[in-house]
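One-letter residues, chain by chain:
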Protein chains: 2
Amino acid sequence: MSQGRKASRAAISVRAKNAVSAEENRRIFREKGLFVLNLIGSPGCGKTSLLERTARHFGSRMAVIEGDVKTALDAQRIEAAGVRAVQIETGGACHLDAAMIAGALSRLDLGGVDVLFIENVGNLVCPAGLDLGEHAKVAVISTPEGDEKPAKYPALFVRADVVVVNKTDLLPYLEYSLERAAADCGKLNRKARVLPLSCKSGEGLQAWFDYLEERISSTRAKSGT
Amino acid sequence: MSQGRKASRAAISVRAKNAVSAEENRRIFREKGLFVLNLIGSPGCGKTSLLERTARHFGSRMAVIEGDVKTALDAQRIEAAGVRAVQIETGGACHLDAAMIAGALSRLDLGGVDVLFIENVGNLVCPAGLDLGEHAKVAVISTPEGDEKPAKYPALFVRADVVVVNKTDLLPYLEYSLERAAADCGKLNRKARVLPLSCKSGEGLQAWFDYLEERISSTRAKSGT
């Protein structure tokens, strides 16, 4: 068997094993009536800032699983915003997997929680294809990254329930077309909602909160909790 | 054998195969007296903008191998700046490997070229560990990403010859400490030069050009071309 084929067979079994863990996570989420989001975006696009802002709005109704290659800086930021958080340090791995989430869930008190955020490792490529058992993938991009990102990294945008375009406060200093970014998202995925916002100024955050409330309600209604 | 162990053995053989291709690339680079850099950074940190600026300065003395998950937009930008470029579309893969570079080299006329840039896939994590045969890894980060990126994604900074901190023109609108970023880089790697610059305003670019000229000369001197 060629090296390439061996590697690809191994990748398939890793993926199959992940699917089992993801299904188990999904069962736990359903049992608890939790709405669960997987936040995916480049380093520095503002995933943690979005969670800090969201924490100020949702308070103890939310909890966070933080994924990082190194450091617990992000979990510390979230806890400082008054919300329960656990940190996964992947120690090199470029994305979270469902088994890591299962481990984190065992360390997290979910009493009274409506919505659980998983902040994936900062990476626009690798986390896109892996199921963690979540209800919705959220693509987070930011205006300084440039408006061609959906076209250049389609795998995430094809699967996203929401595309957050963060740092709209910097638009006056950049050449960035929100129209182009939204149009490219639309070509890849007609169902994804595009939400431009600024975690710095607060502009656009209400639409994000409304989306979350709507999905929290519908998840609760489905689970009968 | 466990699934995890199978996957890790397959990963080791992929890595061993890559080492052979990287060595062959290195032989070609030495033969041609080329200085070769591997640019690594997040999507939107400004790798292509840096190459456009560099193209205006070095003209036909430089050539570019562009790596992207999807589209040939970046190679088109580089060619529009008057420099030879070939595009590798990885079709999903999160980094370039040495065999992809070998393939691209066969499509690239290197006559009269002193310096070859490889722009890796936009990703701060996965490309860091893989040898393409290059002389120098360049970490490209940008101010809107936040000053804690070296601490959070150490693998690249440990190996970088240069750390370019792009988009200094946005500093007035951000809370970003160049001192913190540089100090964290220094803790990880005392040899890396930190070059703050702006591809938009041009500030700081001369130090980058000086670095390149210096390395081009020393590479030529060593190869005896």
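Located above this text is the structure these notes cover.
Residues numbered from 1 in each chain as written. Chains lettered and ligands numbered in written order. Predicted model: local features only at pLDDT ≥ 70, side-chain atom pairs only at ≥ 80, totals over all residues. Heavy atoms only, no water.

Enquirer: Got a minute to help me understand the overall build of chain A in this structure?
Expert: The helix and strand tally for chain A stands at eight helices and seven strands. A compact globule built from 225 residues would reach a C-alpha radius of gyration of about 17 Å, and chain A, at 17 Å, matches this within 12%. Here chain A holds 225 residues, and the buried ones make up 54% of them. Long-range contacts, defined as pairs at least 24 residues apart, comprise 73% of the intrachain contacts of chain A with a sequence gap of at least 6. Carbon and sulfur atoms make up 51% of the accessible area of chain A, which totals about 9100 Å². Of the charged side chains in chain A, 31 are positive and 27 negative; the average position of the first set lies 6 Å away from that of the second. (Helix = DSSP H or I, 4+ residues; strand = E, 2+ residues; numbered from the N terminus. Rg over C-alpha atoms; globule rule 2.2 N^0.38 Å. Buried < 20%, exposed > 50% of the residue type's maximum accessible area, 1.4 Å probe, protein only. Contact = heavy atoms within 4.5 Å. Areas by Shrake-Rupley, 256 points an atom, 1.4 Å probe, with all protein chains shown as cover. Lys, Arg positive; Asp, Glu negative; His and termini not counted. Charge placed at Lys NZ, Arg CZ, Asp CG, Glu CD.)

Enquirer: Teacher, can you tell me more about the environment of Asn123(B) here?
Expert: Residue placement: Asn123(B) occurs in the loop between strand E4 (115-119) and strand E5 (136-142). We classify Asn123(B) as buried; its relative accessible area is 1%. Discounting residues that sit within four places of it in the chain, Asn123(B) has contacts with Asn123(A), Val125(A), Cys126(A), Ile40(B), Gly41(B), Ser42(B), Pro43(B) and Cys94(B). A distance of 3.3 Å separates the side chain of Asn123(B) from the backbone oxygen of Cys94(B), its partner in a polar contact. (Polar contact = N/O pair within 3.5 Å; in protein donor to acceptor, adjacent residues only side chain to side chain.)

Enquirer: Help me out: how do you make sense of the interface of chain A and chain B in this one?
Expert: The parts lose accessible area when they come together, and the size of an interface is often stated as this lost area. Listed by partner, the interface residues are 39 residues for chain A and 39 residues for chain B. For the chain A and chain B pair, buried surface summed over both sides reaches about 3000 Å², with 63% attributable to carbon and sulfur atoms. If you look at where chain A meets chain B, you find four salt bridges. Across the pair Asp74(A) and Lys152(B) runs a salt bridge, and its minimum N-O distance is 2.8 Å. Where chain A packs against chain B, one counts eight residue pairs in polar contact (both at pLDDT 80 or more). (Buried area = accessible area lost by both parts, 1.4 Å probe. Salt bridge = Lys/Arg side-chain N within 4 Å of Asp/Glu carboxyl O.)

Enquirer: Could you clarify how one ought to interpret the sheet that holds strand E1 (residues 35-41) of chain B in this entry?
Expert: Paired through their backbone hydrogen bonds, the strands of a sheet run either parallel or antiparallel. Residue and element names in this part refer to chain B. Taking strand neighbours across the sheet as the criterion, the seven strands line up as E3-E2-E4-E1-E5-E6-E7 in an open arrangement whose pairing is parallel. The sheet is open, and its two borders are formed by strand E3 (84-89) and strand E7 (193-196), each paired with just one other strand. Direction aside, neighbouring strands of the sheet carry axes that sit 20 degrees apart on average. Contacts from helix H2 (residues 47-58) reach E1, strand E2 (62-68), E4, E5 and strand E6 (162-166) within the one sheet, and its direction differs from that of E2 by about 165 degrees. Against the sheet, helix H3 (residues 73-80) makes contact with E2, E3 and E4, and its axis sits at roughly 180 degrees relative to E3, the strand it touches most. (Pairing = 2+ DSSP bridges. Axes fitted to C-alpha atoms, helices over the stretch in contact; angles between N-to-C directions.)

Enquirer: Please explain the pattern of salt bridges as it appears in this structure.
Expert: Proximity of charged atoms lets side chains of opposite charge pair with each other. Inspection of the entire model under this criterion finds 36 salt bridges over all chains. Between Glu31(B) and Arg27(B) there is a salt bridge, with its nearest N and O atoms 2.7 Å apart. Of this pair, Glu31(B) and Arg27(B) are both found in helix H1 (residues 3-32), four residues apart, which corresponds to roughly one turn of the helix. The class for Arg27(B) is partly exposed, based on a relative accessible area of 36%. Sharing partners across several salt bridges, the network here consists of Arg61(A), Asp114(A), Glu213(A) and Arg220(A).

Enquirer: What is the right way to look at the pairing of strand E7 (residues 193-196) of chain A in this model?
Expert: Sheet faces and side chains relate simply in a regular strand, where the side chains alternate between the two faces. All names here are of chain A. Two strands pair when backbone bridges link them, and strand E6 (residues 162-166) and E7 are joined in this way by four bridges, in the parallel orientation. Residue pairing across strands places Val164 opposite Leu195, the latter belonging to E7. Regarding the hand of the β-α-β motif, the stretch spanning E6, helix H7 (residues 178-188) and E7 is right-handed. (Right-handed = clockwise from strand over helix to strand, strands pointing away.)

Enquirer: Quick question: what am I supposed to make of the sheet that holds E6(A) here?
Expert: Residue and element names in this part refer to chain A. The strand order across the open sheet built from seven strands is E3-E2-E4-E1-E5-E6-E7, with neighbouring strands paired in parallel fashion. At either end of the open sheet lies a strand with only one pairing partner, and these are strand E3 (84-89) and E7. Averaged over all pairs of adjacent strands, the angle between strand axes in this sheet comes to 20 degrees, irrespective of strand direction. Inspection of the sheet shows strand E1 (residues 35-41) paired to strand E5 (residues 136-142) by five bridges, in the parallel sense. Within E5, the residue paired with Leu37 across the bridge is Ala136. Helix-sheet contacts for helix H8 (residues 205-223) involve E1, strand E4 (115-119), E5, E6 and E7, and the interaxial angle to E1 is about 140 degrees.

Enquirer: What's the story with helix H4 (residues 98-105) of chain B in this structure? I'm lost.
Expert: Each α-helix winds once per 3.6 residues, and so residues spaced three or four apart point in a common direction. All names here are of chain B. Ala98, Ile101, Ala104 and Leu105 are the residues of H4 that are buried. Along the axis of H4, the buried residues cluster in a sector spanning 115 degrees; they form a single face. Residue Asp97 occupies the N-cap position of H4, its side-chain oxygen lying 3.2 Å from the main-chain nitrogen of Ala99. (Arc of directions from axis to C-beta.)

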